[in-house]
Amino acid sequence: MNQKLREKVMEALSSVLPITAILLALSVTVVPIPIGTVLLFLAGAVLLILGMGLFSLGADMAMMPMGEAMGSRLTRTRRIGLVVLVFFLMGVIVTVAEPDLAVLARQVPAIPDSVLILTVAAGVGSFLVLAMLRTLFQIKLRHLLLFFYLLVFLVALFAPKSFLAVAFDSGGVTTGPITVPFIMALGIGMAGTRGDVGSQEDSFGMVALSSIGPILTVLILGICYDPSSAGYTAVEVPDIATSIDLARAFAKGVPHYIQEVFTAILPITAVLVVFQLLTRDFGRRQLIKISVGLGYTFLGLVMFLTGVNVGFMPAGHFLGAALAGSPAPWTLILLGAVMGWYIVAAEPAVHVLNRQVEEVTSGAISQRAMQQSLSTGVAVAIGLSMARILWGIPLFWFILPGYALALGLSAVVPPIFTGIAFDSGGVASGPMTATFLLPFAMGACEALDGDILSDAFGIVALVAMTPLVTIQILGLWYQLKTKSGQPETAEELDDIIEYDFGEVAA
């Protein structure tokens, strides 16, 4: 096996192993799970590990070089109208290609799938243009975040309450495994052409702004449509009695995900071809490497999506329903927090972000420090989501003070941490959240006779919100320690983060 691929697979194994161990431990102790569902989960875990490894390698070889080259080339051109058009189209293309968005669209039948997807895509495209202009004209990210989140909450006052969770969830699912590597690389490529003092700070923030667009456009869509009849697609658990049934369950899903990923990769490949014909920026060896990387990305995403949708979704739904129906439903909060801590490490785009942060900051912010901070945020998010389901707490009670705190912190932390934090929010809410934690919440909500649309939906929104706070607290702590003369190394910062966030988790 290729050495780099082996490293990626081992990295994926270490990410998926904890959540697998948790589910197996629960299945033989407090929550007996049908053996067929357990086998689906284990087979899905194998596919997920291999898929994550291939995807991560493919992103390094293809998506990152493409995004950086396009961002650098487009920034140098003087035809601002052309740049705006290209960025808008790229935002629309990668969003329509995002598999998570199709999953969300199927959950809201009151609005046609194509209408919701195109609305979200238009939001991402428009705000990607805004992010490009911000980098080009060196506008402070904090000012834009403050203005547009105030606008979001103002529009939310007029939107149907039952549609609020769907709107905020849409901002999370659009920044998934296809979108994040490409958009982040665009930002790095654009900022790299400037070479000034603030270019490092401006290399982050594109994902952050691109996540606001869908929230705003979907809230407006909710005002135009009547979502009161919206429901969701119930999770179907296949009847697994033999090994042949197990193989059939996965074989049935593979063609669908091949088509879905092909639809996702094809427009990006077309953009690469057009870009190369117009600029000739890539040499022959680079093109071969990018082509092989796209192949790895395709195969990895097919395996990943098949594993999480066929294997993880039924297990998550069953586990949530069983715990909610147990004599101690409050265990949902504790278990949800524990799963949130570990499951964010299995998100493919998280590894891309952590690696880029370490590279751009020259190791000052290490991958380990980022992972600790993200895990803390997601653990808190899932715990709060379970509390909402148990006691019917409105989503607004969490997101309004949460975003207020995040925007307040942006005024006192180093600007680069604000960009990283708001990028992290979109990155943390990826396929694992949509296909394991969302069914987990739906199963719990069903067992408690709750409102699926208002209570179960919103889990993605909270997962996207809490890292905004934890990553900026990391930045604040780092700033205070640096002013006092320590820590000066990434290793010292890691020790601080591991101790402090470990205590929070405990």
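Read on for a plain summary of the structure. Just so it is clear, the model here is predicted, and its values are computed rather than measured.

Re helix α13 (residues 331-343)
Move 1: With 13 residues, α13 should cover 18 Å at 1.5 Å per step; its first-to-last C-alpha distance of 18 Å lies within 8% of that length.
Move 2: Buried within α13 we find Leu 332, Leu 335, Gly 336, Met 339, Gly 340, Trp 341 and Ile 343.

Observations regarding the pattern of salt bridges
Move 1: This model, assessed by the stated rule, comprises 2 salt bridges.
Move 2: Across the salt bridge formed by Lys 8 and Asp 60, the nearest N and O atoms sit 2.8 Å from each other. In this pair, Lys 8 is assigned in helix α1 (residues 3-27) and Asp 60 in helix α2 (residues 35-76), connecting sequence segments 52 residues apart.
Move 3: Asp 60 sits in the partly exposed class, given a relative accessible area of 27%.
Move 4: Of the charged contacts in the structure, one is a salt bridge between Asp 281 and Arg 73, with a shortest N-O distance of 2.4 Å. With Asp 281 in the loop between α11 (243-279) and α12 (284-324) and Arg 73 in helix α2, this pair connects stretches of sequence that are 208 residues apart.
Move 5: You can call Asp 281 partly exposed: its relative accessible area is 29%.
Move 6: You can call Arg 73 partly exposed: its relative accessible area is 31%.

Some thoughts on the nonpolar core
It is characteristic of soluble globular proteins that their nonpolar side chains tend to be buried jointly.
Move 1: Counting 166 residues, the largest nonpolar core has Phe 87, Phe 312, Leu 319 and Phe 436 as the members making the most contacts within it.
Move 2: Of the residues forming this core, the biggest block, 18 residues, is contributed by α2.
Move 3: Every residue in contact with Leu 319, bar those within four places of it in the chain, is listed here: Leu 23, Leu 26, Val 31, Ile 33, Leu 335, Met 339 and Phe 440.

Things to note about the packing of aromatic side chains
Move 1: Applying the stated criterion across every chain yields a total of 10 aromatic pairs.
Move 2: Ring geometry for Phe 127 against Phe 148: centres 5.0 Å apart, planes inclined by 70°, an arrangement best described as edge-to-face. A residue pair is termed long-range when its members are at least 10 positions apart, and Phe 127 in helix α5 (residues 113-137) and Phe 148 in helix α6 (residues 141-156) qualify at 21 residues.
Move 3: The buried category is assigned to Phe 148, whose relative accessible area is 14%.
Move 4: Measuring from ring centre to ring centre gives 5.8 Å for Phe 153 and Phe 168, while their planes differ by 35°; the resulting arrangement is tilted. In this pair, Phe 153 is assigned in helix α6 and Phe 168 in helix α7 (residues 161-173), connecting sequence segments 15 residues apart.

Conventions adopted
- Residues numbered from 1 in each chain as written.
- Predicted model: local features only at pLDDT ≥ 70, side-chain atom pairs only at ≥ 80, totals over all residues.
- Heavy atoms only, no water.
- Helix = DSSP H or I, 4+ residues; strand = E, 2+ residues; numbered from the N terminus.
- Expected span 1.5 Å × (residues − 1).
- Buried < 20%, exposed > 50% of the residue type's maximum accessible area, 1.4 Å probe, protein only.
- Salt bridge = Lys/Arg side-chain N within 4 Å of Asp/Glu carboxyl O.
- Core = buried A, V, L, I, M, F, W, Y, C linked by side-chain atoms within 4.5 Å.
- Contact = heavy atoms within 4.5 Å.
- Phe/Tyr/Trp six-rings, centres within 6.5 Å; stacked < 30°, edge-to-face > 60°.

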